[in-house]
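Topology and contacts: notes
Here is what each chain is made of, one letter per residue.
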Amino acid sequence: MGGKLVHFQDIILKLSQFWKKQGCLLLQPYDTEKGAGTMSPHTFLRSLGPEPWAVAYPEPCRRPADGRYGDNPNRAQHYFQFQVLLKPSPDSIQETYLLSLEEIGINPKEHDIRFVEDNWESPTLGAWGVGWEVWLDGMEVTQFTYFQQCGGLDCNPVSIEITYGLERLAMYLQNIESIWDLSWNTKYSYGDIWLPFEKANCEYNFSRSNPEVLEKLFTLYEQEAKDLILNKLSVPALDFVLKCSHTFNLLDARGVISVAERTAVIGRIRSLAKEVAEQWVLERKLDSP
Amino acid sequence: MSNFLLEIGTEELPADFARLVVPQLKDLVETDFRKKSIRYKEISCSSTPRRISLCISGLPIKLEDQVQEIKGPPYEQAFKNELATPAAIGFARRYGASIDQLQKKQTNKGAFVFLSITKKGQSLSAIFLNDVPKWIEGLQGKRFMKWARGSLRFSRPIRWMVCLLNDEVLPVQLPGSDSLITASNISKGNRLIIDSLPINKIEHYVDLMKQSGVYVNRDSRKQLINNLVKKICKNSNTFADMPDNLLDELTDLVEAPTLVKCNFSDSYLSLPPEVLSTVMRVHQRYIPLKISSSEFDPLALNSSKILVPAFLCITNGLPGSINIIRKGNEKVIKARFSDARYFFDSDKAISCSTRNEKLSKVIFSEGLGTLTERVERIVWLSKQIIELLHLTESQSRKLITSASYSKNDLVSSMVSEFPELQGIMGAKYLYQDGFDKDISLAVLEQYMPKSTSSKLPSSLIGSLLAITDKLELLLSIFSKGLIPTGSSDPYALRRAANGIILIINSINHSFDLNKLLLISSKYWLSILPITKKDSQKLFNELQEFFRTRILFILEEKGIDNDIAQAVAGSSINPNRLLENPKDVFYRARLLNQLRTAGKLKTVQLVFSRVVNLASESTISKDLYSSNLVIKESLFEKESEFNVLKLIDKIEPIVINNYANRYESLVEILLSAVEILNEFFDGDTSVMVMSKDIKIRKNRLNLLAILRNQSLILADFNCLK
């Protein structure tokens, strides 16, 4: 390592340029709160159906229960992923991925990079796949998944999803031990930008949110999603499924969801996601007979 | 002689698949060769994370021609007056033969027409071209996947194949793979060293691979890791905490193992050893290092007397990069440990009693209330056991307290983060709060045994708490109507019931599981509103469930299946079975010993005759005395008097519960063989099914009493 400092924004830029050269569409984050880049329609919906697809985009993620008021150097309720989805999965995708690491300044020959089995499953999306977590000298920096099912539907062709954990990579590249100390550019640190948001959101997530209101919102969002599915509008329906999911996460952060209730609510979100996926596939068939 | 090499190149295989696929592939090939009568010298299989390899040596050049004799129609139908009939002509034509090739041969069913045909021996290359794809498709594992547009399913995508027969490429194709794989002689080395690696001679394969940074031979790779670890431990006077499954996993995570010794700050030794070890072993696949002379203390709160602030990391990196790799791994463990310290400190700030109160906020399962209610039911069960076993006051107090606090760690930060530490953290936290050592240890032992072959609780309180924990689960889930079926057992109820039986077998007390199930079934249905069952039905379902578990464990313990059926099969009254499960195992072992000693057969023959005839009698199965049902006045022969004497001699043995009664019973049953043979077939034998109804009934009753007495040991009718 050593040499020039790679800023957080440079990592996003370099990964974007790299995947652009690989023929990916470069898209921007989707404007609804979500727990992972997979939930964006650019992945969730596009991994379905026969059409080829190649996309790359950075995506902010929210996981309210993971917040620590900015006290923990490794955990935050809001962070960034860089998401790549390629359909069908290309032959030498592992090698291409290793090249992308070189692009941001990690030479595989100098490290121990390993693909360790990790099968991914999203109970709320009715999606699962098999793949690995990629270890860089023992640190998980990327999730690699061959999608097998999404929204309960078989994926054919199979997509490969690559999700980079941007903060982890940046901490490694900048040789820094706390997310908040990362340099975003020459002038601003990650903490300068995001720490006030983190603290305020933790305050909301853990103390100020109103569970009764959230429960009502959940019910409203769920009903809206159902109505939209009935009206054959899969795209806005997905937005409301995502809102359900985020509202559920907010309730979870308040600790008001019991283990059993949890399973039941996740089941409700999953069945909505499934209907959205089915409706989407139907709409695409009508578009291109 | 021919030699064969197959290498299936893949993206990184899951570690357990890479391990389990090796014997599987070998089996497939051996079975196939046996079927085709193909001889060979040796088949060796191996795997690395990125390849599965198969070498076969000493194959023939080609397969020998095979002569096959086919049986045709009977000679008399095939030839009339030595002229071929349509039957013979049709038979010959079907195999492309002429009439004069048909031969007449005698069989034990008369003369038949036979035809010898010669099957040309196939070439080996034709066989491999055809069979290699079938072998690959025949491999099985968990969670197979598809990739790209292909229809082929495998553990991970297959990217290349090397297939050589006598150093010539066999272009085997893998249908359904995308992109379509055609075998060549080009392999891949370690990613960091060389991508494309031609294999021109099979004999050079292993060496070429080694030069390219790949230890193809799994066994030698495992040995290499083991040696690296041993050497460093010897030099540093430490002890590697590397269970077999970790060594196996490490072997299947690297192609070219290099050992890196890493350190961590000794300030983290203020955390419990189980926490540090779990983070290192389970989450990071590191090998923790222990102080050689350390003694394991499950209640220890810190690791300073147990662990060394260092660990071993088996990497796949190049030896020249060790410093960077060490630094990276040390940084990762630091972040992981500081997370763990945060959880540990926040747990320590709260007392176990406060945590216990929080259990009321957590739902156990729908319709079964909160964890507090589960704990209350565990306490209730503990009280029943105290009465059943007549525990002392001190034992009772300890059991109730440990039951009340058994789940306090389920709401701790540490267990939320590391669920595998449940019980372990609970015990430590209780001990830290000043609870008795026995109570704390019982909380630790409540989840034992993890499987039928793993460690059982060591203390009585721990054993009893472990029984209540499992029984509560069984009663509650059965009350909900969720009885395990087939492969579906999401609550691991089979494991729970197995655990109960194994623990009952291991403690010194006699344990009336039947009574406990009976009173608990009633209690459960009185407190749980969710179920519409009646308690008798719940009780019967549990009895049958435990019966199948006892049969399963008997089999696991190496008891012959028919003996297991004879002591615990469906002909055995479940009340008797569960009143004293330990007794069942004792009798099964006794019968197995008798069989090994060659003594069982004669007893079994004559007693199955007794049992068969006794089924005609109408007397109750729990009658052991001749007093009311046998009339000596109806006896005609001496043999009848002898059987009566025998019964009267057995009676005190079966009705009194004294030590060694089964040995006495066995002894007397062995001696009964002669008496019974005389009764059935001897000079003074009688006809049991006499025409005189009174006499017949008397004789049947005589046998029925004897059957009832023998049932105390086993149902001889089940023995084979």
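This section reports on the structure supplied with the text. Note that the structure is predicted; figures quoted are calculated from it, not measured.

With that out of the way, let us pick up the overall build of chain B. Across its full length, chain B carries 26 helices and 18 strands. Since a compact globule built from 720 residues should have a radius of gyration of about 27 Å, the 35 Å found for chain B marks it as more spread out than a globular shape. Here chain B, with 720 residues, has 52% of them falling under the buried criterion. Relative to all contacts within chain B whose residues are 6 or more apart in sequence, the contacts with residues 24 or more apart total 69%. Element-wise, carbon and sulfur atoms account for 50% of the exposed surface of chain B, whose accessible area totals about 32900 Å².

Attention now moves to the overall build of chain A. Looking only at helices and strands, chain A features eight helices and nine strands. In summary, chain A has a C-alpha radius of gyration of 19 Å against a globular reference of 19 Å for 289 residues, a match within 12%. Taken along its principal axes, the extent of the C-alpha atoms in chain A is 55 × 50 × 30 Å. Taken over 289 residues, chain A has a buried fraction of 56%. In chain A, the share of contacts with a sequence separation of at least 24, taken over all contacts with a separation of at least 6, comes to 67%. For chain A, the computed accessible surface area is about 12000 Å², with 53% contributed by carbon and sulfur atoms. Distance from the positive charge centre (28 side chains) to the negative charge centre (39 side chains) of chain A: 3 Å.

We now examine the sheet that holds strand β4 (residues 66-74) of chain B. Residue and element names in this part refer to chain B. Taking strand neighbours across the sheet as the criterion, the three strands line up as β4-β8-β7 in an open arrangement whose pairing is antiparallel. Lying at the two open borders of the sheet, with one neighbouring strand each, are β4 and β7 (103-107). Averaged over neighbouring strand pairs, the angle between their axes works out to 45° when direction is ignored. When β4 meets strand β8 (residues 110-119), the two strands line up antiparallel, connected through seven bridges. Bridging across to β8, glutamine 66 finds its partner in lysine 119.

Residue and element names in this part refer to chain A. Their axes nearest at 8 Å, the elements helix α6 (residues 211-230) and helix α7 (residues 234-253) cross at an angle of 160°. By the angle between their axes, α6 is roughly antiparallel relative to α7. Crossing angle aside, the handedness with which α6 passes α7 is left-handed. Contacts between α6 and α7 involve Pro211, Leu214, Glu215, Leu217, Phe218, Tyr221, Glu222, Glu224, Ala225, Leu228 and Ile229 on the former and, on the latter, Pro236, Ala237, Phe240, Val241, Lys243, Cys244, Thr247, Phe248, Leu250 and Leu251. Tallied by class, residues from the contact of α6 with α7 come to 16 nonpolar, one polar and four charged.

Our focus in this paragraph is helix α4 (residues 124-138) of chain B. All names here are of chain B. The terminal C-alpha atoms of α4, which comprises 15 residues, lie 20 Å apart, in line with the 21 Å expected from a rise of 1.5 Å per residue. At aspartate 131, α4 shows its largest kink, close to 30°, and the proline proline 133 lies no more than four residues downstream. Residues of α4 that are buried include every one of Leu124, Ile127, Phe128, Asp131, Val132, Pro133, Trp135 and Ile136, and no others. Looking at the buried positions of α4, the neighbouring elements they touch are β1 (2-10), α1 (15-35), β3 (51-59), β9 (158-165) and β11 (173-174).

What follows is about the environment of aspartate 489 of chain B. Residue and element names in this part refer to chain B. Tracing the backbone through its elements, the reader meets aspartate 489 in the loop between α16 (460-479) and α17 (493-506). Residue classification places aspartate 489 among the buried residues on the basis of a relative accessible area of 18%. Between the C-alpha atoms of aspartate 489 and lysine 26, which are 463 residues apart in sequence, the distance is 32 Å. Once residues within four sequence positions are removed from consideration, aspartate 489 is found in contact with Pro484 and Arg494. Engagement of the side chain of aspartate 489 in a polar contact is seen with the backbone nitrogen of arginine 494, the distance being 3.0 Å.

We now examine the interface of chain B and chain A. Accessible area lost on assembly of the parts is the figure often given for the size of an interface. In this complex, chain B contributes 49 residues to the contact, which on the side of chain A involves 48 residues. For the pair chain B and chain A, the interface holds six salt bridges. For the salt bridge of arginine 159 of chain B with aspartate 91 of chain A, the shortest nitrogen-to-oxygen distance reads 3.4 Å. Looking at the side of chain B that touches chain A, the element that brings in the most residues is helix α9 (residues 322-348) of chain B, giving twelve residues. Its residues assigned to classes, the side of chain B that touches chain A shows 21 nonpolar, ten polar and 18 charged.

This next bit is on the sheet that holds strand β15 (residues 238-240) of chain B. Residues and elements named next belong to chain B. What the four strands build is an open sheet, ordered β15-β17-β18-β16; its pairing is antiparallel. Strands with a single pairing partner mark the edges of an open sheet, and in this sheet they are β15 and β16 (258-263). Pairs of neighbouring strands in the sheet enclose a mean axial angle of 30°, with direction left out of account.

Let us now look at the nonpolar core. Counting 238 residues, the largest nonpolar core has Trp19 and Tyr164 of chain A together with Phe4, Phe128 and Leu474 of chain B as the members making the most contacts within it. Per-element accounting of this core gives the leading share, eleven residues, to α16 of chain B. Contacts of phenylalanine 4 of chain B, omitting those with residues within four sequence positions, involve Leu54, Cys55, Ile56, Leu59, Phe128, Val132, Trp135, Cys163, Leu164, Leu165, Leu170 and Ile202 of chain B.

The next subject is the side chain of serine 476 of chain B. All names here are of chain B. Mapped onto the elements, serine 476 comes out in helix α16. Within the structure, serine 476 has its side chain in polar contact with the side chain of glutamate 472 (distance 2.8 Å). In this structure serine 476 touches Phe364, Leu368, Arg377 and Trp524, once residues within four positions along its chain are discounted.

Counted by the stated rule, this structure contains 46 salt bridges over all chains. A salt bridge links glutamate 59 of chain A to lysine 34 of chain A, with the shortest nitrogen-to-oxygen separation between them at 2.5 Å. You can see glutamate 59 of chain A sitting in strand β2 (residues 53-62) and its partner lysine 34 of chain A sitting in the loop between β1 (25-26) and α2 (41-44), a full 25 residues away along the chain. In this structure, glutamate 59 of chain A and lysine 34 of chain A share a single accessibility class: buried. Glutamate 472 of chain B serves as the salt-bridge partner of arginine 374 of chain B, at 2.6 Å between the closest nitrogen and oxygen. Of this pair, arginine 374 of chain B sits in helix α11 (residues 371-389) while glutamate 472 of chain B sits in helix α16, and the two are 98 residues apart along the sequence. Of the two residues examined, arginine 374 of chain B and glutamate 472 of chain B, each falls in the buried class. Three or more residues joined by partner-sharing salt bridges are found here, namely Arg218, Arg221, Lys222, Asp248 and Asp252 of chain B.

Given 3.6 residues per turn, any residue in an α-helix points the same way as the ones three and four places further on. Residues and elements named next belong to chain B. With 22 residues, helix α19 (residues 535-556) extends 31 Å from end C-alpha to end C-alpha; this agrees with the ideal 32 Å at 1.5 Å per step. The opening residue of α19, the one whose side-chain oxygen lies 3.1 Å from the backbone nitrogen of glutamine 536, is aspartate 534. Glycine 558 sits one or two positions beyond α19 and adopts a positive phi of about 85°.

The rules we used
- Residues numbered from 1 in each chain as written.
- Chains lettered and ligands numbered in written order.
- Predicted model: local features only at pLDDT ≥ 70, side-chain atom pairs only at ≥ 80, totals over all residues.
- Heavy atoms only, no water.
- Helix = DSSP H or I, 4+ residues; strand = E, 2+ residues; numbered from the N terminus.
- Rg over C-alpha atoms; globule rule 2.2 N^0.38 Å.
- Buried < 20%, exposed > 50% of the residue type's maximum accessible area, 1.4 Å probe, protein only.
- Contact = heavy atoms within 4.5 Å.
- Areas by Shrake-Rupley, 256 points an atom, 1.4 Å probe, with all protein chains shown as cover.
- Lys, Arg positive; Asp, Glu negative; His and termini not counted.
- Charge placed at Lys NZ, Arg CZ, Asp CG, Glu CD.
- Pairing = 2+ DSSP bridges.
- Axes fitted to C-alpha atoms, helices over the stretch in contact; angles between N-to-C directions.
- Parallel < 35°, antiparallel > 145°, perpendicular 65-115°, else oblique.
- Left-handed = near helix turned anticlockwise from the far one by under 90°.
- Nonpolar A, V, L, I, M, F, W, Y, C, P; charged D, E, K, R; others polar.
- Expected span 1.5 Å × (residues − 1).
- Bend = angle between axes of the 7 residues up to and from the residue.
- Polar contact = N/O pair within 3.5 Å; in protein donor to acceptor, adjacent residues only side chain to side chain.
- Salt bridge = Lys/Arg side-chain N within 4 Å of Asp/Glu carboxyl O.
- Core = buried A, V, L, I, M, F, W, Y, C linked by side-chain atoms within 4.5 Å.

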